[in-house]
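Here is what each chain is made of, one letter per residue.
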Amino acid sequence: MGIVIEGLSHVYMAGTPFAHTALQDVSLRMEAGSFIGIVGPTGSGKSTLIQLIAGLLRPTQGRVRVFDAVLDPETKNRKPFRKWVSVVFQYPEHQLFEETVAKDIAFGPRNLGLSPEEVEQRVEQAMAWAGLPSELADLSPFHLSGGQMRRVALAGVLAMQPRVLILDEPTAGLDPRGQRELLETIRQIQREQKMTVIMVSHSMEEISRHAERMFVMHRGRLVAEGTPEQVFAHGTRLREWGLEVPEWIVLAEELNRNLHPPLPQGIRREEDLASSLLARWKEGKSG
Amino acid sequence: MAPIVEVHEVFYHYFPEKTPRSQWALQGVNLRIDPGEYVAVMGPNGSGKSTLAKLLNGLLLPTEGCVRVMGKDTRNAEDLWEIRRQVGMVFQNPDNQIVGATVRDDVAFGMENLGVPRAEMLRRIPEVLSQMGLAGREEDSPHHLSGGQKQRLAIAGILAMKPAVILFDESTSMLDPAGRDDVMQAIQDLHRQGTTVVHITHSAREASLADRLVVMAEGRVQMQGAPGEVFRQGERLRDWDLEPPLIYRLQEQLQKQGMPLTGTASDTKELVNELWGLLSKG
């Protein structure tokens, strides 16, 4: 098992009048090499959870195990987490700062103390993984399009060659095509590099297309988990957890008010809704 | 009825001398917007939609052609202040639009620039804040507001300047689903109260709420009409990397597979009724 979390809680500013419990008694497992989706409304504890997995915060209670590194309230050495887990935060292109794309991507690996040759090799590799043409290496990142700037930021993280890649709303603010293409790139990295990918997203559409397993956070607690089909089977209850109910689920539930037998619960994608409707119609015609 | 905004044969490029005409951002845009209308604009990145938005309130001036707001040409420097007051703009990033240390100061900022008398400011602030559902938050720091509330605050600041038109340039794209609903509700309320609304968006679902949908691509208006009419032309939309909302996609897909749908449903209820009819016939 790649990531094991047991009884994890986190309180910000504990012991002060401003104490705020962001995460409460969360236990979960994520398989190494899988594509994981985390959903939940703003303030549900998603960001706290990913920062704990990345070892950027120390838990108030419970523990996080990433491969054989352990993080608990007593942990002093969080270095293994820095090495294995990397986070692409929201709007990561705001953190670009170097004169050229290659220099920006090289910043992380250079800080690892690698030789110039190794750094160069990592930059080339990371650019290829992130889908950046090598001609961009000597350009200023600030002259690129928004979508390309985001890929440069992603490459900077990939150059650290993490085993776990965490992405917080990676497609926010991109146009539909840019969103689709970036997710395809991330999916390819996960498959080919056997990287564990954890993606936080508000978009059920994105999660349904890519995640093998998803976790639903609500008010600091884990309220549901499973494949997208299993989670979507909760139907309009998703709304009580502050989530957007996928449009095709709304439509299927509406149809089910007057269909006997009803359509299956937990339809993963709109194509699946279309095919079950077609099957029903053909069945009706022949029967 | 005289249009409130009129865009006539507009061509635009940031450096027109250095760039061949075929690469200009706008290449002959024509558009009329009537008072009180609610227009959505969709288009892929680079289609010129944000350039168009900046031309509508004189932040940019056309390289060729003209833009008129309430009959005033944006190229007349003496009318520019009035045009900018009449056409308010809400941008994408809520954090980049906030200047005040408190909600009240933030709303006052635009009015101060216009030289609105203090007594009038004190009258308008509570009015626009309650209109945007922020009554009682006057003393709060804007940084404690949610993303949706910050956008509502930006709208309140614009409303206080009493504009005729409000332009939303991807104002929902950085918000979470709750924030998006919040801003979409505000847009619909403004429209109902008579404000002319132009909403640039990547979301087909949001665009379907407008009276009219304009599709921009390659620097021109490529399609326009009632959202339902435009969305029923899935093939053409896909030429521009755009997708219609789910109910249109589903009708298209099912019809292609031979299901005898009329293809005219424009909301969930209509589609569900039609499907019930087909699936229960047996």
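None of these values were measured; they are calculated from a predicted model.

Rules used in this analysis
Residues numbered from 1 in each chain as written. Chains lettered and ligands numbered in written order. Predicted model: local features only at pLDDT ≥ 70, side-chain atom pairs only at ≥ 80, totals over all residues. Heavy atoms only, no water. Helix = DSSP H or I, 4+ residues; strand = E, 2+ residues; numbered from the N terminus. Rg over C-alpha atoms; globule rule 2.2 N^0.38 Å. Buried < 20%, exposed > 50% of the residue type's maximum accessible area, 1.4 Å probe, protein only. Contact = heavy atoms within 4.5 Å. Areas by Shrake-Rupley, 256 points an atom, 1.4 Å probe, with all protein chains shown as cover. Lys, Arg positive; Asp, Glu negative; His and termini not counted. Charge placed at Lys NZ, Arg CZ, Asp CG, Glu CD. Domains from an automatic or database assignment. Buried area = accessible area lost by both parts, 1.4 Å probe. Salt bridge = Lys/Arg side-chain N within 4 Å of Asp/Glu carboxyl O. Polar contact = N/O pair within 3.5 Å; in protein donor to acceptor, adjacent residues only side chain to side chain. Nonpolar A, V, L, I, M, F, W, Y, C, P; charged D, E, K, R; others polar. Pairing = 2+ DSSP bridges. Axes fitted to C-alpha atoms, helices over the stretch in contact; angles between N-to-C directions.

Draft legend 1. View of the overall build of chain A. Along the backbone of chain A there are 10 helices and 10 strands. Rg of the C-alpha trace for chain A: 21 Å, near the compact-globule value of 19 Å for 287 residues, within the 12% margin. Here the C-alpha coordinates of chain A stretch approximately 70 × 50 × 35 Å along the principal axes. Going through the 287 residues of chain A one by one, you find that 53% of them count as buried. When contacts within chain A are restricted to residue pairs at least 6 apart in sequence, those whose partners lie at least 24 apart make up 60%. Surface accessibility of chain A: about 13,400 Å² in total, with carbon and sulfur atoms responsible for 49%. Put simply, chain A has 33 plus and 36 minus side-chain charges, and the middle of one group is 5 Å from the middle of the other.

Draft legend 2. Examining the domain arrangement of chain A more closely. Residues and elements named next belong to chain A. Assigned domains within chain A: domain 1 (3–227) and domain 2 (246–287). Each partner contributes to the interface: domain 1 provides seven residues, whereas domain 2 provides six residues. In total, domain 1 and domain 2 occlude about 520 Å² of area from one another, counting both sides; carbon and sulfur atoms represent 40% of this. Sorting the residues of domain 1 by area buried against domain 2 places M204, S208 and R209 first, and these three jointly supply 73% of that buried surface. The interface formed by domain 1 and domain 2 contains one salt bridge. Between E271 and R209 there is a salt bridge; the shortest N-O distance is 3.0 Å. If you look at where domain 1 meets domain 2, you find three residue pairs in polar contact (both at pLDDT 80 or more).

Draft legend 3. Just the interface of chain A and chain B, in detail. Each side of the interface is counted separately: chain A has 28 residues, and chain B has 28 residues. Around 2,800 Å² of area is buried between chain A and chain B when both sides are counted, 65% of it from carbon and sulfur atoms. By the criterion of area lost to chain B, the three top residues of chain A are E247, L251 and W281 of chain A, representing 22% of everything that side buries. Here chain A and chain B share six salt bridges between them. Across the pair E270 of chain A and R249 of chain B runs a salt bridge, and its minimum N-O distance is 2.5 Å. Along the contact surface separating chain A from chain B lie five residue pairs in polar contact (both at pLDDT 80 or more). Looking at the side of chain A that touches chain B, the elements with two or more residues in it are α6 (176–193), α9 (247–256) and α10 (270–286) of chain A. Tallying contributions element by element places α10 of chain A first for the side of chain A that touches chain B, with 10 residues. Along the lines of polarity and charge, the residues of the side of chain A that touches chain B split into 12 nonpolar, five polar and 11 charged.

Draft legend 4. Layout of the sheet that holds strand β6 (residues 85–88) of chain A. Residue and element names in this part refer to chain A. Pairing is mixed across the open sheet formed by six strands, whose spatial order is β6-β7-β8-β3-β9-β10. Edge strands, defined here as strands with exactly one partner in the open sheet, are β6 and β10 (221–226). Taking the axes of each pair of neighbouring strands and ignoring which way they run, one obtains an average angle of 20° across the sheet. Of the pairings in the sheet, the one linking strand β3 (residues 35–39) to strand β8 (residues 196–200) comprises four bridges and is parallel in character. Bridged to I38 within β8 is V200.

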